[in-house]
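Residues per chain are reported as follows:
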Amino acid sequence: MNSNIVLIGFMGCGKSSIGRRLAKRLSHEFLDSDDLIIARAQGTSISDLFANEGEERFRERESAELRDLVEAQNIVLATGGGAILREENRALLHRIGRIVWLHADPETLFERASRNRKRPLLDVENPRSTFNALLESRIPIYEATADIQVDATGLPHEQTVDEIIRVLALGGIPKVSTEAS
Ligand code: S3P
């Protein structure tokens, strides 16, 4: 198994900021699938790609970037929140590295996800209900796809990085149940 780490999770969970810090700590290269898509599209923003080409074409672009990363070494990859939707992508992510699901409570996610306009899926009349529906439909997919989970609720980014490193160093502890015990 290589030492790559793949971060998955809903919009606003902090994949990019935490991933960047994690990469630094591990002396890995940090990559962000959204940034790779933007670079390949000559700087066109995610919102413009959605508006000009539609979500399906964006998902094609996302899969193409992941296919290109199966041989990558020493990377931390932050993925877009919807990268886990395609079965092909889930298989690719497992080939790329160990998959960490970063989660946080819905209020934190919504507050963070609403901060910028990089999120065309939430640029709708009633973003909160769209957010709720998307989150509910995706949680089981994040959970099933991840090798490990880390709850970043209320944690400063550096502490979340510590927690990821701690859990990974244990060789991947079993998934924490999301049900109250
Ligand atoms: C998306 C999440 C975004 C970006 C695009 C679609 C999604 O990335 O890929 O707007 O489907 O959840 P972030 O999770 O980095 O916001």
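You'll find the structure just up there.
A brief look at the structure comes next. (Residues numbered from 1 in each chain as written. Predicted model: local features only at pLDDT ≥ 70, side-chain atom pairs only at ≥ 80, totals over all residues. Heavy atoms only, no water.)

**Observations regarding the side chain of N89**
Secondary-structure assignment places N89 in helix α5 (residues 87-96). Classification of N89 by relative accessible area gives buried; the value is 1%. For N89, the residues in contact, after removing those within four places along its chain, are E62, S63, L66 and A83. (Helix = DSSP H or I, 4+ residues; strand = E, 2+ residues; numbered from the N terminus. Buried < 20%, exposed > 50% of the residue type's maximum accessible area, 1.4 Å probe, protein only. Contact = heavy atoms within 4.5 Å.)

**Points about helix α6 (residues 106-113)**
Within α6 the residues assigned to the buried category are T108, L109, F110, R112 and A113. Tucked into the core, α6 has its buried residues touching α7 (127-145). Its side-chain oxygen placed 3.1 Å from the backbone nitrogen of E107, D105 serves as the N-cap of α6. (Polar contact = N/O pair within 3.5 Å; in protein donor to acceptor, adjacent residues only side chain to side chain.)

**Quick word on unusual backbone geometry**
One non-glycine residue, S27, adopts positive backbone phi at about 55°. Structurally, the position occupied by S27 is in the loop between α1 (15-26) and β2 (29-32). According to the relative accessible area criterion, S27 is exposed, its value standing at 64%.

**Concerning the nonpolar core**
With 52 residues, the main nonpolar core has I8, L77, L93, I96 and I164 as its most contacted residues. If we ignore the near neighbours within four places in the chain, the residues touching I96 are N2, N4, V6, L66, L69, V70, I75 and L77. (Core = buried A, V, L, I, M, F, W, Y, C linked by side-chain atoms within 4.5 Å.)

**Topic: the packing of aromatic side chains**
Evaluated as defined, the whole model comprises four aromatic pairs. With a centroid separation of 5.9 Å and an interplanar angle of 20°, the aromatic rings of W101 and Y142 are classed as stacked. Residue W101 is found in strand β4 (residues 98-103), and its partner Y142 is found in helix α7; the two are separated by 41 residues along the sequence. Each member of the pair, W101 as well as Y142, is classed as buried. Connected via pairs of aromatic rings, a cluster forms that spans F10, F110 and F131. Here the guanidinium or amino end of R128 rests over the ring plane of F110, the centre of that ring lying 4.7 Å away. (Phe/Tyr/Trp six-rings, centres within 6.5 Å; stacked < 30°, edge-to-face > 60°. Lys NZ or Arg CZ within 6 Å of the ring centre and 35° of its normal.)

**Some thoughts on the sheet that holds β2**
Overall, parallel pairing links the five strands, which are arranged β2-β3-β1-β4-β5 in an open sheet. With partners counted over all chains shown, the strands left at the sheet margins are β2 and β5 (148-151), one partner each. Strand-to-strand twist of the sheet, defined as the mean angle between neighbouring strand axes without regard to direction, takes the value 25°. Pairing geometry for strand β1 (residues 5-8) and strand β3 (residues 75-78), over three bridges, is parallel. Note on β3: the bridge partner recorded for V6 is L77. (Pairing = 2+ DSSP bridges. Axes fitted to C-alpha atoms, helices over the stretch in contact; angles between N-to-C directions.)

**With respect to the site of the ligand**
Around the ligand, the structure places 15 residues, and the nearest of them are K15, D34, R59, R119 and R138. Within the contact set of the ligand, an oxygen atom lies 2.8 Å away from a backbone nitrogen or oxygen of G81. Contact distances for the ligand include 3.3 Å between an oxygen atom and a backbone N or O atom of G82. Within the complex, 98% of the 390 Å² of free accessible area of the ligand lies under protein. Of all elements in the fold, only α3 (46-53) and α4 (55-67) reach the threshold of two or more residues within the shell around the ligand. Looking at the shell around the ligand residue by residue, the class counts come to six nonpolar, three polar and six charged. (Near = heavy atom within 4 Å. Areas by Shrake-Rupley, 256 points an atom, 1.4 Å probe, with all protein chains shown as cover. Nonpolar A, V, L, I, M, F, W, Y, C, P; charged D, E, K, R; others polar.)

No statement about biological role is implied by the geometric values presented.
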